[in-house]
Amino acid sequence: MRSLATCYSEHAIKVSDSYCSGLSNQPYLSPEQSPSIPNAVTCIYKKLLSQKSLWIALTWCNKLLSQGLSINISDSVSIPSKFNANFHHLPKTKGSKTFQSCNSKIKVFWDLSSAYYDTGPEPISGFYVVVLVDSELALLLGDMEEAAASLEDGLFTKTPTLKSFMVSRSEHFSGNAIYSTKTKFSESGKAHDILIKCIGDDEGSKNPVLSVCIDNKMIFQAKRLRWNFRGNQTIFLDGLLVDMMWDLHDWFFKESSGNAVFMFRTRSGLDSRLWLEENNSSQKGQDRAEFSLLICACKNPG
């Protein structure tokens, strides 16, 4: 009898197999096509403490004259109102902020004064963001570790902290219907280039085609989107089953320009049910963290 993993992987598109290389002869991105630029990026990190778990959300956004940063702290992401209630804006390019959240003292240090940005609101170098929870290092981002280490005496000499990892990344776009990003689906995996195009086919812009490319290879296409405005596809990537879902209903059927949603989500297990899992992996005794990439696009392709 074949294993369950074999059965699932046979029905999933494998990024490394001949199917991908066969379609990769199509243009990945022609010179006249320019991807939209994200105007907001939110990354959610799960921090495992000795007595509880916390979720730390950092939101990077484009402002009129500069980039903006805010932080949310919550002990649950399953209740949106509770999660959004812990919003704290970090207004300056450098500073510190202390506040109470989830019965813990939170202290945030950041320095974006020399940050380098590429095309979006999230810096790629020359910055640091440090989050302490009850004097325990909970999160360290950026490439200025030496500067961050000098913030407080003993900041990095305390008892080794338990692991923190990214569980979700959301990007918001407005502009044309081409979206490009880079992400990792697991802590041990490599970063993958992802390109989503929803542009007209040979018959014109009224008949857009959804194309999904990973690492310069066409993975799959979906045509007749006015009928197939919702759908999903399973991808086998880095030894993981990754479900890709799209919802373009509001693009086609709302009078005003609506949002399209594209989501990539790793399966918590081979026998898990698509899109019906609750956020209770700890109760099931699952150690591996799920990861989701959400792309919200404000653009009507028709």
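Fair warning: this is a prediction, and the values are worked out from it, not measured in the lab.

Colleague: Any details on the overall build of the chain? Residues and values, ideally.
Modeller: Check the secondary structure of the chain and you find five helices and 20 strands. Within the chain, the fraction of its 302 residues that count as buried is 44%. Pairs at least 24 residues apart make up 49% of the contacts formed inside the chain by residues separated by at least 6 positions. Of the roughly 16,000 Å² of accessible surface on the chain, a fraction of 49% belongs to carbon and sulfur atoms.

Colleague: An account of the environment of F264 is needed here, citing residue identities and associated values.
Modeller: Topologically, F264 is positioned in strand β19 (residues 259–266). Relative accessible area serves as the criterion here: at 0%, F264 is assigned to the buried category. On a C-alpha basis, the gap between F264 and V242 in space is 6.4 Å, while along the polypeptide they are 22 residues apart.

Colleague: Explain the packing of aromatic side chains to me, and be specific about the residues and the numbers.
Modeller: Each pair of aromatic rings is reported with the distance of its centres and the angle of its planes. Within this structure, the stated rule accounts for nine aromatic pairs. Taken together through their ring pairs, the aromatic side chains of F173, Y179, W251 and F262 make up a single cluster.

Colleague: Before we move on, could you go through the environment of E136 and cite the residues and values that matter?
Modeller: Its location among the elements puts E136 in strand β11 (residues 136–142). Assessed through its relative accessible area of 22%, E136 is described here as partly exposed. Considering only alpha carbons, one finds E136 and K107, 29 residues apart in sequence, at a separation of 9.7 Å.

Colleague: Give a detailed account of the sheet that holds strand β10 (residues 128–133), specifying residues and quantitative values.
Modeller: Reading across from one edge, β6-β7-β10-β11 is the order of the four strands in this open sheet, with antiparallel pairing throughout. A strand with exactly one partner marks an edge of an open sheet, and here the two such strands are β6 (94–101) and β11. Strand-to-strand twist in this sheet, taken as the mean axis angle between neighbours without regard to direction, amounts to 15°. Here six bridges tie β10 to β11, and the two strands are oriented antiparallel to one another. Directly across from Y128, in β11, lies its bridge partner G142.

Colleague: An account of the side chain of S101 is requested, with residue identities and associated values reported.
Modeller: Inspection of the secondary structure assignment puts S101 in strand β6. At a separation of 3.3 Å, a polar atom in the side chain of S101 contacts the main-chain carbonyl oxygen of I73. Contact partners of S101, with chain neighbours within four places excluded, come to I73, N86 and I106.

Colleague: Give me the lowdown on the nonpolar core, citing residues and values where you can.
Modeller: Generally speaking, nonpolar side chains in soluble globular proteins are found buried as a group. With 31 residues, the main nonpolar core has L248, W251, F262 and F264 as its most contacted residues. Mapped onto this core, the elements with two or more residues apiece are β14 (192–201), β15 (204–214), β16 (217–222), β17 (230–237), β18 (240–247), α5 (249–253), β19 and β20 (292–298). In terms of residue count, the dominant contributor to this core is β18 (four residues). Residues within four places of L248 in sequence aside, it is in contact with C198, L225, F229, A260 and F262.

Colleague: Which residues make up the pairing of β20, and what values do they have?
Modeller: Burial runs high along β20: six of the seven residues are buried. Pairing between strand β12 (residues 164–174) and β20: seven bridges, direction parallel. Within the sheet, the bridge partner assigned to S170 lies in β20 and is L294.

Colleague: Please set out the pairing of β6 residue by residue, giving values where relevant.
Modeller: When β6 meets strand β7 (residues 104–111), the two strands line up antiparallel, connected through eight bridges. Considered in β7, the bridge of S101 is made with S104. Connecting the antiparallel pair β6 and β7 is a turn made up of two residues, with C102 showing a positive phi of about 55°.

Colleague: Explain the side chain of R267 to me, and be specific about the residues and the numbers.
Modeller: The residue R267 is located in the loop between β19 and β20 in this model. Polar contacts involving the side chain of R267 include one to the side chain of D243, which spans 2.3 Å.

Colleague: Give me the lowdown on unusual backbone geometry, citing residues and values where you can.
Modeller: Phi at C102 is positive, roughly 55°, even though this residue is not glycine. Summarising the element assignment, C102 is placed in the loop between β6 and β7. Located in the positive-phi region is N103, a residue other than glycine, with phi close to 60°. Topologically, N103 is positioned in the loop between β6 and β7.

Colleague: So what's going on with the pattern of salt bridges? Residues and values would help.
Modeller: Evaluation of the coordinates by the stated rule reveals 10 salt bridges. The closest approach of N and O atoms between D243 and R267, which form a salt bridge, is 2.3 Å. Taken together, the residues D243 in strand β18 and R267 in the loop between β19 and β20 connect sequence positions 24 residues apart. Across this residue pair, the class does not change: D243 and R267 are buried. Salt bridges sharing common partners tie together E122, R169 and E171.

What counts and how
- Residues numbered from 1 in each chain as written.
- Predicted model: local features only at pLDDT ≥ 70, side-chain atom pairs only at ≥ 80, totals over all residues.
- Heavy atoms only, no water.
- Helix = DSSP H or I, 4+ residues; strand = E, 2+ residues; numbered from the N terminus.
- Buried < 20%, exposed > 50% of the residue type's maximum accessible area, 1.4 Å probe, protein only.
- Contact = heavy atoms within 4.5 Å.
- Areas by Shrake-Rupley, 256 points an atom, 1.4 Å probe, with all protein chains shown as cover.
- Phe/Tyr/Trp six-rings, centres within 6.5 Å; stacked < 30°, edge-to-face > 60°.
- Pairing = 2+ DSSP bridges.
- Axes fitted to C-alpha atoms, helices over the stretch in contact; angles between N-to-C directions.
- Polar contact = N/O pair within 3.5 Å; in protein donor to acceptor, adjacent residues only side chain to side chain.
- Core = buried A, V, L, I, M, F, W, Y, C linked by side-chain atoms within 4.5 Å.
- Salt bridge = Lys/Arg side-chain N within 4 Å of Asp/Glu carboxyl O.

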